[in-house]
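Residue strings, one per chain:
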Amino acid sequence: MSASQRILLINPTITPKRNARFPLAVLSLATALEGKHPSRILDGNIDRDFITTALGDIAEGGVAAVGVTVMGGPQLTSAIALSRAIRERAPGVPVIWGGAFPTVCPDSAINAPYVDYVVRGQGEETLTELLDALVARDPAALPAIRGMTWRRDGQTVHNPERAFSAASLDRMLPYERLENPRQYLKSTYLGARTAGYQAALGCRFRCTFCGVAAMFRGRMALPAAARLEQDLSFLQGQLGVDGIQFYDHNFFDREVDMVPLLEVLAKFEINWWCFARSDALANLSERSWALVKKSRLRMAYIGAESPSDWLLHDIRKGTRSDQTLAAIEQCRSHGVVPELSFMLAPPQDPEGETEKTFEFIRVIKRLHPATEVMIYIYTPLPMRSDNKNAQAARMAATLRDVSGNPVVFPRTPDGWAEPHWRGYWCHNDAPWLSVRLRRRIIDFTTVLGCRFPTIMDIRSSAWGKSSLRALASWRYRFQRYDNPWELRVSRKLIRQWDPRVMSL
């Protein structure tokens, strides 16, 4: 590898082109590499033939390495296809994986012939140092690169963790590096030109099911107000953005730190959506709520997870069920729609806790019918081989599948790409789910979604939503969730949209 060669930074396909948002991860990497290593960005959500494009670039010469950002689930499949194709056509070009999947499952990620290096956690500094070593042809430098997993003499090596860094908050993303940035702006319930954006980094909490917890290990940093104002000025003034989905992992954290950012948002008055914690919203001051209202926050995504406080404690959520109810009341009082996510079927008591959560959702809908509800399956993160935490080991040892056998997680990317493990990663399935319980959850979700159509669905007609609401009303009222065949048929005709697509 020479200093004149460039690296391809690739975001493999994960969503249809109509849902594509700015590829924030590779944009951040490109910014970090600026002036050090030339790079080109390929986005598989826009370029549907991105593998052919990548192979063409490599065939022309001048590509020294390929960096691939990888989430589990659908993107893993396209990342594998890309990496295999590169290995077959250009076996000498290093393939580097980074992102959520390699961070959570580094042993599995490196256990493939088409992956040479794995970057764990924040990748900007690790990738830069790795490219420095490859340019210098200095293999002796590899063991000193923190945050990297690699193979040495056939053995997997996990280099020490890299310390949390807030350096990326000082740099504006190079949107101009994208071909036609406006094609990433989508019509949503927030606005005709909605953009995906991330202001803060990380989260202070370590929920057992959350990839952010593995990525940032309890660290968080907020941007300076001036940086947020600079970005919003560009997005609104240059691109015409009129709606923003904030992908910050916990936008509302400590109120004293958030106020300067709320003041900036209040200046722009752009409709926005964000993640938030129930304890933070429940304790927000009236002054801050006034800023929230002026800034036009439309919806806050709150991880309610469960009505059982013992389970919230076990999964290290750090909130209580009464705080969920308090946050709903605060949102209702200040014109913000609360969007609650619930994790059903925990391995300790999947059926009992699921039914308890169903009843809690019904209570919430009685209190505030406009509350949005997202339903997922509780799927704890697999334990890494280098994790020495005794408590985590004990919890992992208790996991059993529906037949009572120990749960064995996949050991390769291809194993994780199998349909049932893709479902596990996306919180749609779990080994301890019985066929009956899985059907029960699907049926409840169908009835709930038809009885209370989401405001995020701007495609279905008003009459279609009213028809579904009427059809589902008796089932919801009498809790007759089983086999809602007429709702399934009606949904196909009306083409009701799954709100989880927007929330993802």
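Being a predicted model, the structure only gives us computed values, none of them experimental. (Residues numbered from 1 in each chain as written. Predicted model: local features only at pLDDT ≥ 70, side-chain atom pairs only at ≥ 80, totals over all residues. Heavy atoms only, no water.)

**Q** Help me out: how do you make sense of a nonpolar patch on the surface in this one?
**A** On the surface, Trp485, Val489 and Leu493 cluster together to form a nonpolar patch covering roughly 370 Å² of accessible area. Within the fold, Leu493 resides in helix 20 (residues 485–494). (Patch = residues over 30% accessible without salt bridge, like charges linked within 9 Å, V, L, I, M, F, W, Y side chains within 5 Å. Areas by Shrake-Rupley, 256 points an atom, 1.4 Å probe, with all protein chains shown as cover. Salt bridge = Lys/Arg side-chain N within 4 Å of Asp/Glu carboxyl O. Helix = DSSP H or I, 4+ residues; strand = E, 2+ residues; numbered from the N terminus.)

**Q** Please clarify how helix 18 (residues 435–451) should be interpreted in this entry.
**A** Over its 17 residues, helix 18 runs 24 Å from end to end, which matches the ideal 24 Å to within 8%, given 1.5 Å per residue. Looking at the packing, one finds that the buried side of helix 18 touches strand 14 (337–344), helix 14 (350–367), strand 15 (372–377), helix 19 (462–478) and helix 20. (Expected span 1.5 Å × (residues − 1). Contact = heavy atoms within 4.5 Å.)

**Q** Just checking my understanding: could you explain the sheet that holds strand 2 (residues 39–43) for this structure?
**A** Across a sheet, paired strands are connected by hydrogen bonds in the backbone, their directions being either parallel or antiparallel. One open sheet holds the 7 strands; their spatial order is 2-1-3-4-5-6-7, and the pairing between them is mixed. Here the strands that pair on one side only, and so sit at the sheet edges, are strand 2 and strand 7 (155–158). Averaged over neighbouring strand pairs, the angle between their axes works out to 20° when direction is ignored. Direction of pairing for strand 1 (residues 6–11) relative to strand 3 (residues 63–69): parallel, over a ladder of 5 bridges. Following the sheet pairing, Arg6 is matched in strand 3 by Val63. With respect to the sheet, helix 1 (residues 24–33) is in contact with strand 1, strand 2 and strand 3, its orientation differing from that of strand 1 by roughly 160°. (Pairing = 2+ DSSP bridges. Axes fitted to C-alpha atoms, helices over the stretch in contact; angles between N-to-C directions.)

**Q** Would you explain the sheet that holds strand 8 (residues 194–197) in this entry?
**A** Strand order in this open sheet of 6 strands is 8-11-12-13-14-15, and the pairing throughout is parallel. Taken across any chain shown, the strands that pair with only one partner, and hence form the sheet edges, are strand 8 and strand 15. Between one strand axis and the next, the sheet turns by 20° as a mean value, whatever way the strands run. Two elements, strand 13 (residues 297–305) and strand 14, share 6 bridges in a ladder whose sense is parallel. By the bridge assignment for strand 14, Gly303 is matched with Ser341. Each of strand 13 and strand 14 is contacted by helix 13 (residues 321–333), which is oriented at about 160° to strand 14, the strand it contacts most.

**Q** Which parts of the structure should I look at to understand the pattern of salt bridges?
**A** Pairing is possible between side chains of opposite charge, provided their charged atoms come close. Using the criterion set out here, one finds 29 salt bridges in the structure. Here Arg84 and Asp414 are joined by a salt bridge, their closest N and O atoms 2.4 Å apart. Separated by 330 residues along the polypeptide, Arg84 in helix 3 (residues 74–89) and Asp414 in helix 16 (residues 413–416) bring together distant segments of the chain. We classify Arg84 as partly exposed; its relative accessible area is 37%. Of the charged contacts in the structure, one is a salt bridge between Arg277 and Asp279, with a shortest N-O distance of 3.2 Å. Of the residues examined, Arg277 reaches a relative accessible area of 6% and is grouped as buried. Here the salt bridges share partners, and the residues they tie into one network are Arg6, Arg40 and Asp57. (Buried < 20%, exposed > 50% of the residue type's maximum accessible area, 1.4 Å probe, protein only.)

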